[in-house]
Amino acid sequence: MAAADVARQMTEGARNLSLSGHVGFDSMPDQLVNKSVCQGFCFNILCVGETGLGKSTLMDTLFNTRFEGDPAAHNQPGVHIKSNSYELQESSVCLKLSIINSVGFGDQINKEESYKSIVEFIDTQFEAYLQEELKIKRTLHNYHDSRIHVCLYFIAPTGHSLKSLDLVTMKKLDSKVNIIPIIAKADSISKNELQKFKIKIMSELVSNGVQIYQFPTDDETVAEINGTMNAHLPFAVVGSTEEIKIGNKMMKARQYPWGTVQVENENHCDFVKLREMLIRVNMEDLREQTHARHYELYRRCKLEEMGFKDTDPDNKPFSLQETYEAKRNEFLGELQKKEEEMRQMFVMRVKEKESELKEAEKELHDKFDRLKKLHQDEKKKLEDKKKSLDDEINAFKQRKTAAELLQSQAQQSGSQQTLKREKERKNFF
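About the criteria used
- Residues numbered from 1 in each chain as written.
- Predicted model: local features only at pLDDT ≥ 70, side-chain atom pairs only at ≥ 80, totals over all residues.
- Heavy atoms only, no water.
- Helix = DSSP H or I, 4+ residues; strand = E, 2+ residues; numbered from the N terminus.
- Rg over C-alpha atoms; globule rule 2.2 N^0.38 Å.
- Buried < 20%, exposed > 50% of the residue type's maximum accessible area, 1.4 Å probe, protein only.
- Contact = heavy atoms within 4.5 Å.
- Areas by Shrake-Rupley, 256 points an atom, 1.4 Å probe, with all protein chains shown as cover.
- Lys, Arg positive; Asp, Glu negative; His and termini not counted.
- Charge placed at Lys NZ, Arg CZ, Asp CG, Glu CD.
- Pairing = 2+ DSSP bridges.
- Disulfide = S-S within 2.5 Å.

Description of the overall build of the protein
Turning to step 1, where the next piece is worked out: Secondary structure summary: the protein contains 10 helices and 9 strands in total.
Turning to step 2, where the next piece is worked out: Its C-alpha atoms give the protein a radius of gyration of 50 Å, more than 25% over the compact-globule value 22 Å for 429 residues.
Turning to step 3, where the next piece is worked out: Here the C-alpha coordinates of the protein stretch approximately 185 × 75 × 45 Å along the principal axes.
Turning to step 4, where the next piece is worked out: Expressed as a percentage of the 429 residues in the protein, the buried residues total 30%.
Turning to step 5, where the next piece is worked out: Across the protein, every contact between residues at least 6 apart in sequence was considered, and the portion connecting residues at least 24 apart equals 67%.
Turning to step 6, where the next piece is worked out: Carbon and sulfur atoms form 52% of the exposed surface of the protein, whose accessible area is close to 30,000 Å².
Turning to step 7, where the next piece is worked out: A distance of 12 Å separates the average location of the 64 positive side-chain charges in the protein from that of its 68 negative side-chain charges.

Details of the sheet that holds strand β2 (residues 80-90)
Turning to step 1, where the next piece is worked out: Taking strand neighbours across the sheet as the criterion, the 6 strands line up as β2-β3-β1-β4-β5-β6 in an open arrangement whose pairing is mixed. Pairing within the sheet leaves two strands with one partner each, and these edge strands are β2 and β6 (235-236).
Turning to step 2, where the next piece is worked out: Pairing between strand β1 (residues 41-48) and strand β4 (residues 150-155): 4 bridges, direction parallel. By the bridge assignment, C47 is partnered in β4 with L152.

With respect to the state of the cysteines
Turning to step 1, where the next piece is worked out: Under the criterion given, the structure shown has 0 disulfides.
Turning to step 2, where the next piece is worked out: Lacking any disulfide linkage, C38 is separated from the closest cysteine sulfur, that of C94, by 9.7 Å.
Turning to step 3, where the next piece is worked out: Take C38: its relative accessible area is 71%, and that puts it in the exposed class.
Turning to step 4, where the next piece is worked out: Free cysteine C301: the closest other cysteine sulfur is in C151, separated by 20 Å.
Turning to step 5, where the next piece is worked out: Using a relative accessible area of 35% as the deciding quantity, one classes C301 as partly exposed.

Structure (structure tokens):
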């Protein structure tokens, strides 16, 4: 019997009993709170929007601080992801906050692939967490979770409709991250236009099938406020780190020639609503949704790509060990098949090489025979020429000998005649 079946039977067979006295396990929530406070929390915010919509200013305003960092350069050819991490502490609670900004988003002439670097960054964080989970020796208790918990999508206050870039990007991101749409710089649009703009945005998101984050209403303690705030989406916000004295109080506001916009005045903008929903009410739910929904979807798809399944073809439970063995056998089968293919290919290559070598050897033999025959012909020609020359030399020697003999005879004949004339001359005198 599988371990899951045993656990299910044990759960189904559990009986409700009443205690006769105090035991103490009612302190478990306090233990959990104390442990969580000691470990600290992490929260990662992705800010997506065109340049100049006040993303950095809003982050400073939300967390009531000024995040230090070098100003982003906008000379990159594409969208560049810039991440900064900060350690924040409020009362006894420590928060490791990461703010990820999409630098250069919407700056390109061709914006078709502006979302790709953002999607790749989110998937990279999921992959890092999955690799840590799949390790034999895991350290998830002190692993820095870099997964994106919320995406604040900044919408330009045009007052008309969403840009195609906004729709395409949010559609690509809605299955990977919790999206909260925000109308940036809401003080640049009138109240009537702003309300129409909100309705138009939500209508376009629904008609295009874009799933944005809905504040949960299943918890009775926050159901009412979350249900009310869901109707206010998208939030129209104004950010400012400057404090202006209004009455007897210093308040964050933006000063204009025509008046003052108070950031924390709900009649002026939805900044307070955003802060309440994002940080004070639903921060933990955003973390849970990231893990239970978006990461689980990525994990499931990734494991299915790797060949892991929960059920066999007969729809029966499939244990991890059986899945691993099946995958291993499949891998070994593919390995043997590839090995056999490589062996056959090697044999074929060897035969082809042998054929080529034999052909080359035959050509060499033919070439050798041709050269040998050519050499013999040349040798015969030389021998014939040598014989002819020898005959000429012998004939020349014979002619030379005959000439020398004639010359010698002529000299002897001449000397005899000279002696005869000398003798006749003497006899005359």
